Amino acid sequence: MTMRGRVWKFGDNINTDLIMPNVAYEYPPQEQPKFVFSANRPGWSAEVKKGDVLIGGSNFGTGSSRPAAKQLLGLGLAALVAESINGLFLRNCVNYGLPAFSCPGVSALFDEGDTAVIDYVEQAIANEKDNRTLSGSRLPPSLVKLTLSGGIVPLLRQEGFIQ
Amino acid sequence: MGMTMVQKIMARCSGRPQVTVGEIVSCRVDWAVEFDLPFARSHNRPVPLKVWDPSRIALIFDHLVPAPTIVMADGLKVARDFAKAQGIKHFYPEGRHGICHQVIAEMGFALPGGLLACGDSHTSASGAFNCAARGLGAMEMLYILCKGETWFEVCPTIRYVLEGKMPEGVYPRDVIHHVAGVYGEHINQNVEYAGPGLKHLDIAARQTIATMSTELSAEFATFEFDEQTESYLKGRAKEPYSPVYSDKDARFVDVRTIHLDQIEPQIVMPHFVPHNVRAVTEVAGLKIDQAFIGSCANGRIEDLRIAAQILKGRSVHSDCRLIITPASTQVAIHAAREGLIEIFLEAGAVFTNSTCGACNGGHMGLIGAGERCLTSSTRNFRGRMGSKDAEILMASPATVAASAIMGAVTDARTLF
Ligand code: SF4
């Protein structure tokens with residue numbers, strides 16, 4: 001499955017409280033994504049377009065268990081590729097259905113605004129302008145499949161555990 | 001090849017003789033502990049219609065006690081209805097509540113050699129009991145509540161060998177801050193704590209260190225089992241247990257010796273933990289607006305005793321406020337019996353009921369724009385405790401109490 005999207009770049013140690021500040025809990029789910037990065041990049045959540053791609057630095061998503069990955073999905077982001085992704089955050093990406101993988105060196109591959117071409121199944125990413133490509137490797141096929149089928153909720157619904 | 005403690009637990013729970021680094025393994029969990037926040041409607045997580053085993057699930061109220069807003073009050077009702085509908089056997093609502101990691105310990109759910117699943121990110125706290133426990137997130141917990149199983153990547157391990165004894169005026173919190181300052185992050189790595197120094201670290205100390213290992217981005221953080229673990233669990237353990245030990249030929253990425261006797265009181269500077277730590281003597285004098293003692297890292301009776309020792313007969317500085325929040329109702333009861341609450345109130349501190357409260361900026365102690373807070377809670381991310389334009393520094397309860405008296409960062413050793 002190939003995706004193509006405009007790149008937004010973020011640095012190292014982007015934490016969950018920046019992605020989803022505590023105040024977001026006070027709002028209905030559909031309004032929560034607008035708080036993403038309001039502390040470190042105010043206004044950004046309004047600029048993101050459906051299908052955009054987030055390129056992160058090391059330890060992306062460090063911090064709490066809050067549903068921060070879901071907020072990125074809510075903004076329409078198609079994928080997250082970072083130098084390294086925090087283990088708990090990666091699990092949340094899978095569970096909410098956001099394609100994400102770690103890929104050392106990915107920051108240097110892109111300038112903000114470039115177009116990324118991503119093969120999530122192969123966990124490969126290329127810069128469209130010069131075709132430089134890198135591959136990451138952290139997710140087994142079963143988890144790739146779970147992500148692409150929308151995460152845990154559709155799975156449990158199908159099996160009658162939730163409505 | 002030999003296995004580490006966590007590898008052995010994963011092998012047992014996946015029904016395999018051996019698990020090796022890099023594998024993804026599917027595990028049955030021993031206990032599943034859920035807390036209140038994921039039931040809030042704003043969390044938008046479906047409620048299970050049936051669960052895997054209501055006798056192996058605990059539901060503990062902590063983040064939202066007592067309900068700070070209508071949205072959260074509604075969420076607590078959803079949680080109560082779930083507990084009733086599913087016949088959840090171990091339910092700890094308001095009045096029997098506490099921060100889930102502390103209640104897990106007190107009620108004997110975290111057991112040596114066990115696998116405990118909890119959604120909250122500081123679940124590493126239960127590693128103090130030779131248990132495999134790490135934060136899993138609300139969505140993974142939904143799956144576990146329904147099916148009783150989950151998956152883990154088997155990560156490489158760093159072993160910390162603790163030696164010697166902390167000097168007077170130095171606390172467990174300083175030990176883990178020291179590790180954070182020297183070694184920084186542990187991304188996708190397990191940590192384990194062992195060595196002769198363990199005998200000088202009581203269970204509360206281990207809980208502090210295990211809890212704060214999450215801030216190093218460690219995966220599992222697990223302590224070796226000893227007589228102290230055994231005696232704490234006597235009369236509490238929910239079932240018989242078998243401790244695990246790392247094999248002599250287990251492979252570690254690194255084995256690092258920590259000389260406890262060489263550690264000094266440490267301050268974590270604003271906004272992040274790894275490699276962002278200074279000696280208290282370097283930061284002393286920096287004015288603070290709020291001081292907070294509490295959280296799953298440092299809200300236990302041992303912490304409150306230290307705070308009381310420093311606050312007794314003294315007053316909180318007029319330009320500063322001190323909030324003290326016990327980690328559980330049990331801790332609050334002990335504090336009352338020991339007369340600590342009176343000392344706190346006479347010193348001018350605010351003593352709250354047990355809750356996460358100020359720690360995650362939920363309620364009871366948020367900080368405003370331009371303010372600076374010194375806290376013994378877990379996390380100093382920008383905006384964590386309130387305004388994004390505030391600063392959060394972290395230290396041991398002793399340093400926090402001393403600083404509250406002086407209205408500025410203070411080395412508690414100068415007040416003894
Ligand atoms: S006290 Fe703080 S860190 Fe601990 S569980 Fe509550 S919010 Fe999380």
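Conventions adopted
Residues numbered from 1 in each chain as written. Chains lettered and ligands numbered in written order. Predicted model: local features only at pLDDT ≥ 70, side-chain atom pairs only at ≥ 80, totals over all residues. Heavy atoms only, no water. Helix = DSSP H or I, 4+ residues; strand = E, 2+ residues; numbered from the N terminus. Rg over C-alpha atoms; globule rule 2.2 N^0.38 Å. Buried < 20%, exposed > 50% of the residue type's maximum accessible area, 1.4 Å probe, protein only. Contact = heavy atoms within 4.5 Å. Areas by Shrake-Rupley, 256 points an atom, 1.4 Å probe, with all protein chains shown as cover. Phe/Tyr/Trp six-rings, centres within 6.5 Å; stacked < 30°, edge-to-face > 60°. Lys NZ or Arg CZ within 6 Å of the ring centre and 35° of its normal. Buried area = accessible area lost by both parts, 1.4 Å probe. Salt bridge = Lys/Arg side-chain N within 4 Å of Asp/Glu carboxyl O. Polar contact = N/O pair within 3.5 Å; in protein donor to acceptor, adjacent residues only side chain to side chain. Nonpolar A, V, L, I, M, F, W, Y, C, P; charged D, E, K, R; others polar. Pairing = 2+ DSSP bridges. Axes fitted to C-alpha atoms, helices over the stretch in contact; angles between N-to-C directions. Core = buried A, V, L, I, M, F, W, Y, C linked by side-chain atoms within 4.5 Å. Domains from an automatic or database assignment. Near = heavy atom within 4 Å. 1 Å grid on protein atoms, 1.4 Å probe; cavity = no way out; pocket = protein on both sides within 12 Å on 5 of 7 lines; lining within 4 Å. Sits in = over half its atoms within 2 Å of the grid points.

Chemist: Would you explain the overall build of chain A in this entry?
Modeler: Looking only at helices and strands, chain A has seven helices and seven strands in total. Along chain A, helices (α) and strands (β) appear in the sequence β-α-α-β-α-β-α-β-α-β-β-β-α-α when read from the amino end. For chain A, the C-alpha radius of gyration of 15 Å lies close to 15 Å, the compact-globule estimate for 163 residues. C-alpha extents for chain A along the principal axes are approximately 45 × 35 × 25 Å. A burial count over chain A gives 61% of its 163 residues as buried. Once local pairs closer than 6 in sequence are excluded, the contacts in chain A between residues at least 24 apart make up 65%. Of the roughly 6,100 Å² of accessible surface on chain A, a fraction of 53% belongs to carbon and sulfur atoms.

Chemist: Please explain the packing of aromatic side chains as it appears in this structure.
Modeler: The description of two aromatic rings rests on the distance between their centres and on the angle between their planes. Within this structure, the stated rule accounts for 17 aromatic pairs over all chains. Between Tyr27 of chain A and Phe35 of chain A, the aromatic rings sit 4.8 Å apart at their centres with planes inclined by 50°, giving tilted as the arrangement. With relative accessibility at 14%, the residue Phe35 of chain A sits in the buried group. Pairing Trp31 of chain B with Phe109 of chain B gives two aromatic rings, centres 5.1 Å apart and planes at 65°, and the pair type is edge-to-face. Of this pair, Trp31 of chain B sits in strand 2 (residues 31-35) while Phe109 of chain B sits in the loop between helix 3 (100-106) and strand 5 (115-118); the two residues are 78 residues apart in sequence, bridging distant segments of the chain. The residues Trp31 of chain B and Phe109 of chain B share a single accessibility class, namely buried. Pairwise contacts between aromatic rings join Trp8, Phe10, Phe37 and Trp44 of chain A into one cluster. Directly above the ring of Phe161 of chain A sits Lys50 of chain B, whose terminal nitrogen or CZ lies 5.0 Å from the centroid. Above the plane of the ring of Trp31 of chain B lies Arg56 of chain B, whose end atom (NZ or CZ) is 4.6 Å from the centre.

Chemist: I would appreciate a short explanation of the interface of chain B and chain A in the present structure.
Modeler: Interfaces are frequently sized by the accessible area removed from exposure as the parts join. With 46 residues of chain B in contact, the opposing surface of chain A contributes 41 residues. Carbon and sulfur atoms supply 57% of the area buried between chain B and chain A, which totals about 3,700 Å² over both sides. The interface formed by chain B and chain A contains three salt bridges. With a shortest N-O distance of 3.4 Å, Arg384 of chain B and Asp17 of chain A are connected by a salt bridge. Taken together, the connections running from chain B to chain A amount to 15 residue pairs in polar contact (both at pLDDT 80 or more). Looking at the side of chain B that touches chain A, the elements with two or more residues in it are helix 2 (70-86), strand 6 (132-135), helix 4 (138-147) and strand 7 (149-153) of chain B. The element that contributes the greatest number of residues to the side of chain B that touches chain A is helix 4 of chain B, accounting for seven residues. Within the side of chain B that touches chain A, the residues separate by chemical class into 19 nonpolar, 14 polar and 13 charged.

Chemist: Sorry if this is basic, but what is going on with the sheet that holds strand 5 (residues 115-119) of chain A here?
Modeler: Two strands in a sheet stick together by hydrogen bonds in their backbones, pointing the same way (parallel) or opposite ways (antiparallel). All names here are of chain A. Read across the sheet, seven strands follow the order 4-3-2-1-5-6-7 without closing on themselves; strand pairing throughout is mixed. Looking at strand neighbours, the two that pair on one side only are strand 4 (100-102) and strand 7 (133-135), the edges of this open sheet. In this sheet, neighbouring strand axes are inclined to one another by 30° on average, regardless of whether the strands run parallel or antiparallel. As judged from the five bridges shared by strand 1 (residues 2-9) and strand 5, these two strands associate in the antiparallel manner.

Chemist: Before we go on, may I ask you to explain helix 1 (residues 5-14) of chain B in this structure?
Modeler: Helical periodicity: at 3.6 residues per turn, an α-helix aligns residues three or four positions apart in one direction. All names here are of chain B. The buried fraction of helix 1 is high, at eight of ten residues. Here the buried face of helix 1 lies against strand 1 (24-28), strand 5, strand 6, strand 7, strand 9 (190-194) and strand 10 (221-223). Once helix 1 ends, the next one or two residues include Gly15, with phi positive near 65°.

Chemist: How should the nonpolar core be read in this particular structure?
Modeler: The tendency in soluble globular proteins is for nonpolar side chains to be buried as a group. In this structure, Phe37, Trp44, Phe60, Leu80, Phe89 and Ile125 of chain A together with Leu116 of chain B are the most contacted members of the largest nonpolar core, which totals 160 residues. Tallying contributions element by element places helix 4 of chain B first for this core, with seven residues. Of the residues that make up this core, three or more belong to each of domain 1 (5-260) and domain 2 (267-414) of chain B.

Chemist: Just checking my understanding: could you explain the site of the ligand for this structure?
Modeler: Residues and elements named next belong to chain B. Surveying the vicinity of the ligand reveals the residues His63, Ile99, His101, Asp120, His122, Ser295, Cys296, Cys356, Cys359, Asn360, Thr378 and Arg384. Taken atom by atom, the bulk of the ligand overlaps the largest cavity. Along the lines of polarity and charge, the residues of the shell around the ligand split into four nonpolar, six polar and two charged. Residues from two domains meet in the shell around the ligand; each of domain 1 (5-260) and domain 2 (267-414) gives at least three.

Chemist: Would you mind showing me how to read the domain arrangement of chain B here?
Modeler: Residues and elements named next belong to chain B. The domains assigned to chain B are domain 1 (5-260) and domain 2 (267-414). Here the C-alpha centre of domain 2 lies 24 Å away from the C-alpha centre of domain 1. Across the contact, 37 residues belong to domain 1 and 36 residues belong to domain 2. Interface area for domain 1 against domain 2, summed over the two sides, is near 2,900 Å², with a carbon-plus-sulfur share of 59%.

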